[in-house]
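# A structural walkthrough
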Amino acid sequence: MNEAAQNRVHDQMNSRVAAAPASFVNGVWRVFDLSLGEMLWSRRTIFMALVVGAPVIIALVMRIVQAFGIPALRVNGVAVDPVGMFGVLIWVPFLRFIVPVLGVFYGTSLIADEVEDKTITYLFTRPLRRSAILVGKYVAYLACTTLVVLPSIMLVYFLIVPLTQVASSFRSLLIDLGLLAIGLAAYGALFAFVGVFVKRPLVASLVFAFGWEQAALLIPGYLRRFTIMYYLQGLVPHTRFSGGVVSLLEAMIPDPPSVMLSIAALTFAVVLFLALAGRIIETREYVLDQ
Amino acid sequence: MNRRTRIFLFVAAGILVAGLGTGLVASYVGLQNLPVIGGNGLAEFAYVPEDAGLVAYANVHDVMASELRRRLEAIHPQGGDGARSFQEHTGIDVEKDIDYVVAAVVKAPETEGPPLVLARGRFDQARLEELAKQESATSEDYQGARVVTRGDFALAFVEPGLVAVGAPAVVRKAIETKSAGGRNVGDNTELMRLVRNVDDGTVWAVARFDALTSDRLPQDVRSKLPKISWFSAKGVIGAGVDGQLQVEAVDDTSAQDLRQVIQGFLALARLQVGNQAGLTELINSLQLGGEGKTVSLSFSLPPEILDALGAIRAQRPRLPQLPPETPLPQVAPDAPRAPAPPAL
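Owing to the predicted nature of the structure, the values given are computational and were not obtained by experimental measurement. (Residues numbered from 1 in each chain as written. Chains lettered and ligands numbered in written order. Predicted model: local features only at pLDDT ≥ 70, side-chain atom pairs only at ≥ 80, totals over all residues.)

On to the overall build of chain B, then. Looking only at helices and strands, one finds 13 helices and 12 strands in chain B. A total of 344 residues make up chain B; the buried ones form 32% of that total. The contacts in chain B between residues at least 6 apart in sequence include a share of 63% that link residues at least 24 apart. (Helix = DSSP H or I, 4+ residues; strand = E, 2+ residues; numbered from the N terminus. Buried ≥ 20, exposed ≤ 12 C-beta atoms within 10 Å, placed from the backbone. Contact = placed C-beta atoms within 7 Å.)

Spelled out as structure tokens, the structure:
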């Protein structure tokens, strides 16, 4: 980051942070207020818009194809109904790709960007607890990603599912919105921790998200229990799928965990990784290269 | 937070709230109750009483014009004799003169007899009345509609291009429902909710499960049936058939039990058909789905599967045609017997 950018951050913090020490919650709010705009209008958001916009375009194409009476998706030669198609779109692009990739790119950059841009010093000189800075940025990440991902899911849903089937599938939509929000929270916390703990967090996180997580799910045994995806897929409503899609799902998750266990594990992961990241950031001395 | 960020948050939250609001309205009020989205279904529903236990629809024109029908005719070419005979008698060409039919099971006094069927199309009223007279039927005007009755069957010309047929009491009740201008099946929220789910099909039916079973099955059989409240079916007919059967159980547990039963039957069917082409694809096309209280079974019969099934049918050895039996000479019971030969 150049000098002008450093001055901008400094000025913004000056204007927002009072000289008096702020409470933890107050500090979180101030950092959130500062970070949300920065995250939304960064270059990463262009990437996020492209990634999240692709399923919307796919849904639009499916809608047009369906309007001509042609089944938009067939599994084993069988036409998949609109609710099933929506489920596939949630499961494959959103859950398996978009949520982890957003977690990686945003989560690792929460603190790592400040270190790289050498603006971490300005944040740490404010009368705020260091962990409040991390949590404030994490909440800003959650707001930024959920407010982009969830509306796009809503668009995909209303593009694919006919209005006449909304009543019968609305519960599934709510579950999908919930599980994607939990997924963003879990991956964000994990990669925020990686961003604080590891020197080159992006590479390590990509290896974890698209190497370890994918491989561990395929290996028989208990290793899959050490992945976020295992618990997220436990929340996917399986009864929505049918025929070939079910067999595909069962092949991917042979013994899905219960919903309660999944929620408990994901909540525990969020708290654990945020606490670990907070502890590291509170105690670590950041020496910036000149 | 600058103005640009606030606008973004407002738009994103707006999309979410609008979507969730629509879903909530659809779930708890029903989109069919919003006039801007859809009225109360077909115009013929004005003749169907609100307490109808079953409503069914068939787009006869689309079925007749479908590629599927052409394929079936090729497999079974003698199928059109009945239609030709019907046309000769009534002047109605089923292929061209009937657009669609709506059928309903209606509660009415003395409901023994056929259900209510409303057919929309082009009918020669004079010819049909003449035919009825030849069959010694009686004609009368009932609340502005011409009703022709013969035994437990009635036909009413209720509107230009719309006839109602069925048991006399049922047809009269249909005419009364329309004349009263009050509530009809379109006001039955539960039934219409299911109709909206299936009314994009070429053929569809929605029924209260007890209306299907109550009078037809013994009590001990009924008590062993799964606890189902609603049944619906839909078929989209084109070059092949895409269909869906759906039931709503009374609770989640009953639905789960039913899913397991169907799953078992599907597994058994897979074992039975082995690797027989056509049948294997047919079984594989069956998809069990649904969530909560809903259980659905959908299937897809693309033209290739139909061709394979036709080939299986063609390969079956046909039973040899027996020559018609020569009738034995009948002996009239009271015919005078030939005189016995004289005793020696």
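Bringing the overall build of chain A into the picture now. Looking only at helices and strands, chain A has 12 helices and two strands in total. Counted over contacts in chain A with a minimum sequence separation of 6, partners at least 24 positions apart contribute 82%.

What follows concerns the pairing of strand β9 (residues 228-237) of chain B. Residues and elements named next belong to chain B. Where burial is concerned, most of β9 is hidden: seven out of the 10 residues are buried. Here six bridges tie strand β8 (residues 203-208) to β9, and the two strands are oriented antiparallel to one another. Within the sheet, the bridge partner assigned to A205 lies in β9 and is A233. In this structure, β9 lies alongside strand β10 (residues 241-249), joined through nine bridges in antiparallel fashion. By the bridge assignment, V236 is partnered in β10 with D242. As consecutive antiparallel partners, β9 and β10 are separated by three residues. (Pairing = 2+ DSSP bridges.)

Backbone phi values are negative for most residues with the exception of glycine, while trans is the configuration of most peptide bonds. Although it is not a glycine, K118 of chain A adopts a positive phi angle of roughly 65°. Owing to 15 C-beta atoms within 10 Å, K118 of chain A belongs among the partly exposed residues under this scheme.

Let us look at helix α11 (residues 252-273) of chain B. All names here are of chain B. Across its 22 residues, α11 extends 31 Å between first and last C-alpha, which sits within 8% of the 32 Å expected from 1.5 Å per residue. Looking only at α11, the buried set comprises A255, L258 and R259. Seen from one end, α11 has its buried residues packed into an arc of 105°, which puts them on one side. Opposite the buried face of α11, by more than 90 degrees, sit the exposed residues T253, Q260, V261, G264, A267, L268, L271 and Q272. The inward-facing, buried residues of α11 abut β10, β11 (287-289) and β12 (294-301). (Expected span 1.5 Å × (residues − 1). Arc of directions from axis to C-beta.)

Scored by pLDDT, chain B has a mean of 77; 79% of the residues are at 70 or more. For this predicted complex, the interface score ipTM comes out at 0.77, alongside a pTM of 0.58. (pLDDT = per-residue confidence, 0-100.)

Take the packing of helix α3 (residues 43-67) of chain A against helix α4 (residues 82-107) of chain A next. All names here are of chain A. Put simply, α3 and α4 touch, their axes get as near as 11 Å, and they point 175° apart. If you check the angle between α3 and α4, you find them roughly antiparallel. Seen from α3, the contacting residues are R44, F47, M48, V51, V52, A54, P55, I58, A59 and M62; seen from α4, they are M85, L89, P93, F94, I98, V101, L102, F105 and Y106. Class assignment for the residues of the contact of α3 with α4 results in 18 nonpolar, no polar and one charged. (Axes fitted to C-alpha atoms, helices over the stretch in contact; angles between N-to-C directions. Parallel < 35°, antiparallel > 145°, perpendicular 65-115°, else oblique. Nonpolar A, V, L, I, M, F, W, Y, C, P; charged D, E, K, R; others polar.)

This brings us to the packing of helix α2 (residues 24-40) of chain A against helix α7 (residues 130-160) of chain A. Residue and element names in this part refer to chain A. Running from N to C, α2 and α7 cross one another at 45°; their axes reach a closest spacing of 7 Å. Taken as axis vectors, α2 and α7 run oblique relative to one another. Crossing geometry of α2 relative to α7 is assigned as right-handed. Contact with α2, carried on its side by F24, G27, V28, R30, V31, F32, S35, L36, M39 and L40, involves A132, I133, V135, G136, K137, V139, A140, Y141, A143 and C144 of α7 and no other residues of that element. (Left-handed = near helix turned anticlockwise from the far one by under 90°.)

All names here are of chain B. Here G201 is to be found in the loop between α8 (189-198) and β8. Separated by 36 residues in sequence, G201 and I237 have C-alpha atoms that sit 7.8 Å apart. Those residues in contact with G201 that lie beyond four places of it in its chain are K234, G235 and V236.

Here the focus is the sheet that holds strand β7 (residues 162-166) of chain B. Residue and element names in this part refer to chain B. Strand order in the open sheet formed by 12 strands is β4-β5-β6-β7-β3-β2-β1-β8-β9-β10-β12-β11, and the pairing between neighbours is antiparallel. Both edges of this open sheet fall to β4 (138-142) and β11, since each of them pairs with a single strand only. Across this sheet, the average inter-strand angle for adjacent strands is 15°, counted without regard to direction. Relative to β12, β10 runs antiparallel, the two sharing eight bridges.

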